[in-house]
Amino acid sequence: MIPEIGVFALVLALLVAIVQATLPLAGATWGIASWMRLARPAAVLQCALAWLAFACLADAFLADDFSVRYVASNSHSQLPAIYRFAAVWGGHEGSMLLWECLLAGWTMAVALRSRQLPAAYAARVIAVMGWISVGLIVFLLLLSNPFERMLPAPPEGADLNPLLQDPGMVLHPPLLYMGYVGFSVAFAFGIAALLSGELNAVWARWSRPWTLAAWGFLTLGILLGSAWAYYVLGWGGWWFWDPVENASFMPWLVGTALIHSLIVTGQRGAFRSWTVLLAIAAFSLSLMGTFLVRSGVLTSVHAFAVDPGRGLYILCFMAFVVGTSLLLFAWRAPTVGLGGVFALLSRETLLLVNNVLFSAAALAVLIGRSIRCCSTCSAATRSRSARPTSRRCSSRSWCRRWC
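Residues numbered from 1 in each chain as written. Predicted model: local features only at pLDDT ≥ 70, side-chain atom pairs only at ≥ 80, totals over all residues. Heavy atoms only, no water.

Thoughts on the overall build of the protein
- Counting secondary structure elements, the protein contains 14 helices and zero strands.
- A sequence separation of at least 24 residues applies to 81% of the contacts in the protein between residues at least 6 apart.
- Approximately 17300 Å² of the protein is accessible, and the part contributed by carbon and sulfur atoms is 70%. (Helix = DSSP H or I, 4+ residues; strand = E, 2+ residues; numbered from the N terminus. Contact = heavy atoms within 4.5 Å. Areas by Shrake-Rupley, 256 points an atom, 1.4 Å probe, with all protein chains shown as cover.)

A closer look at the packing of helix α3 (residues 39–62) against helix α7 (residues 119–143)
- With their axes 10 Å apart at the nearest point, α3 and α7 run at an angle of 30° to one another. When the axes of α3 and α7 are compared, the pair comes out roughly parallel. The interaxial crossing formed by α3 with α7 has left-handed handedness. Here α3 contributes Ala39, Arg40, Ala43 and Gln46 to the contact with α7, which in turn contributes Ala122, Ala123, Ile126, Ser133 and Ile137. (Axes fitted to C-alpha atoms, helices over the stretch in contact; angles between N-to-C directions. Parallel < 35°, antiparallel > 145°, perpendicular 65-115°, else oblique. Left-handed = near helix turned anticlockwise from the far one by under 90°.)

Thoughts on the packing of aromatic side chains
- All chains considered together, the criterion is met by 16 aromatic pairs.
- Judged by centre distance (5.2 Å) and plane angle (70°), the rings of Trp51 and Phe54 are edge-to-face. In this pair, Trp51 and Phe54 are both assigned in helix α3, three residues apart and thus about one turn of the helix distant.
- Taking 5.0 Å as the distance between ring centres and 35° as the angle between the ring planes, the aromatic pair formed by Phe187 and Phe283 counts as tilted. One end of the pair, Phe187, is in helix α8 (residues 167–196); the other, Phe283, is in helix α11 (residues 272–295), and 96 residues separate them in sequence.
- Counting every residue linked through ring pairs, the aromatic cluster contains Trp51, Phe54, Phe85 and Trp89.
- The ring centre of Trp331 lies 4.2 Å from the NZ or CZ of Arg332, which sits over that ring. (Phe/Tyr/Trp six-rings, centres within 6.5 Å; stacked < 30°, edge-to-face > 60°. Lys NZ or Arg CZ within 6 Å of the ring centre and 35° of its normal.)

Some points on α3
- In this model α3 runs 35 Å from its N-terminal to its C-terminal C-alpha over 24 residues, within 8% of the 34 Å that 1.5 Å per residue would give.
- Just beyond α3, the residue with positive phi is Asp64, at close to 55°. (Expected span 1.5 Å × (residues − 1).)

Focus: α7
- Taking 1.5 Å of rise per residue, 25 residues should cover 36 Å, and α7 covers 36 Å from first to last C-alpha, within 8% of that figure.
- For α7, a buried count of 18 out of 25 residues is recorded, marking the element as mostly surrounded by other parts of the structure. (Buried < 20%, exposed > 50% of the residue type's maximum accessible area, 1.4 Å probe, protein only.)

What about the state of the cysteines?
- Tallying each qualifying case throughout the model produces zero disulfides.
- In this structure Cys47 is not part of a disulfide, and its nearest cysteine sulfur, from Cys101, lies 7.7 Å away. (Disulfide = S-S within 2.5 Å.)

Details of the nonpolar core
- Leu97 and Phe189 are the most contacted members of the largest nonpolar core, which has 96 residues in total.
- Looking at this core element by element, the count peaks at 16 residues for α8.
- Excluding its chain neighbours within four sequence positions, the residues that come into contact with Leu97 are Leu10, Ala53, Phe54, Leu57, Leu140, Pro146 and Phe147.
- Membership of the second largest hydrophobic core comes to nine residues, among which are Ala13, Ala21, Leu49 and Val134. (Core = buried A, V, L, I, M, F, W, Y, C linked by side-chain atoms within 4.5 Å.)

Points about the pattern of salt bridges
- Here the structure, examined in full by the defined rule, presents four salt bridges.
- The partner of Arg84 in a salt bridge is Asp64, and the shortest N-O contact between them spans 3.5 Å. Here Arg84 is found in helix α5 (residues 81–86), whereas its partner Asp64 is found in the loop between α3 and α4 (69–74), with 20 residues between them in sequence.
- Residue class for Arg84 comes out buried when judged on its relative accessible area of 13%.
- We classify Asp64 as partly exposed; its relative accessible area is 23%.
- Between Arg69 and Glu148 there is a salt bridge whose closest N-O contact spans 3.5 Å. (Salt bridge = Lys/Arg side-chain N within 4 Å of Asp/Glu carboxyl O.)

Concerning the packing of helix α1 (residues 2–30) against α7
- Interaxial distance between α1 and α7 falls to 7 Å at its minimum, and their mutual angle equals 150°. When the axes of α1 and α7 are compared, the pair comes out roughly antiparallel. Between α1 and α7 lies a crossing of left-handed hand.
- Classifying every residue of the contact of α1 with α7 gives 22 nonpolar, five polar and one charged. (Nonpolar A, V, L, I, M, F, W, Y, C, P; charged D, E, K, R; others polar.)

Things to note about the environment of Gly182
- Residue position: Gly182 is located in helix α8.
- Residue Gly182 is classed as buried on the basis of its relative accessible area of 0%.
- The spacing of Gly182 and Trp215 is 33 residues in sequence and 7.8 Å in space, taken between C-alpha atoms.
- Contacts of Gly182, omitting those with residues within four sequence positions, involve Trp106, Tyr177 and Ala214.

Things to note about the side chain of Glu93
- Along the chain, Glu93 falls in helix α6 (residues 92–113).
- Ignoring anything within four residues of it in the chain, the contact list for Glu93 reads Tyr70, Leu140, Ser144, Asn145, Pro146 and Arg310.

A short note on the confidence of the model for the protein
- Here the protein shows a mean pLDDT of 83. Residues at 70 or above account for 82%.
- Segment residues 388–403: pLDDT under 50, and 27 contacts once partners within four positions in sequence are set aside and those in other chains are kept. (pLDDT = per-residue confidence, 0-100.)

Following this line, the structure appears as structure tokens:
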């Protein structure tokens, strides 16, 4: 019965997220104050429903409810309670539910801490984050339902991956996801500024504390993951070039550049277009990391989902988010301009060089990972051609589609 409550909570969260994404945005556009006032209560209610669903899934793990397919695949009755709880995000479905819960938590925090913002601007920010939640909850309900039943229920679960039965599993994924999802706040602030046409220094001052918090969580997650990788798998220079490890490194690089750019925009009014472009890029790279981990397009010890259907949905969602953001940026950027001017020998020039270096590093990692992606697809295709009777690579379907 409790898993069904979890599904019902997700359905209600989807309905609330749709209201949160549409009515406040329409109210800000048409000046309807009553619709804009719906943003904050909708964000709080959606957060409560998302965490109710998470609590239902955690209860299924702690109660050893092996009639739930996801629990049976990632838990065992003899597993210590702390690892049974951590197993909630030990697989694809639970980690995506955690993604949504953290996003809802960030949204509620913004809703409760943004009362000093203009009503129209706050409504746009919360609505943009609501649209992201809509995409994630639809994905959970249609393609990654963590509450799917398996009848008859097996007497015992398949156990959690032994490599994940580690104290690092308790903290590393939540911290990493807090960083990933936290960049959605800077993204929402930037998109709201573009929608309003007021891409000035004020939005940068509003979004900088949120960006710094997300960057801090991501930094802690990467450091903890690095330590975990070292004492479990040993030292090797190749480890930090693991394609999925880079999924967190690229947003960190761009996020570092974004923090410095927000300082200049907030204090001097310069780098206005560049700053909002970095905000879009940081969250887009977070979505790209989610796609790579769950698509099967890359082989890695971190990749735990190889369903091309799920990867295709995330790819389409990422294309929609990035595409609409860049179109909006292309529409508004010419009217915004570059912002304030500064001398050649100044702190602003040094921060610009800093931005270029971090962005170039992120681009280099992105190119290297793209080459790795194409190499994996080509190798899978050659292997399939040479040995048609061998077990097919999980990347095969992606090879036909994308390479």
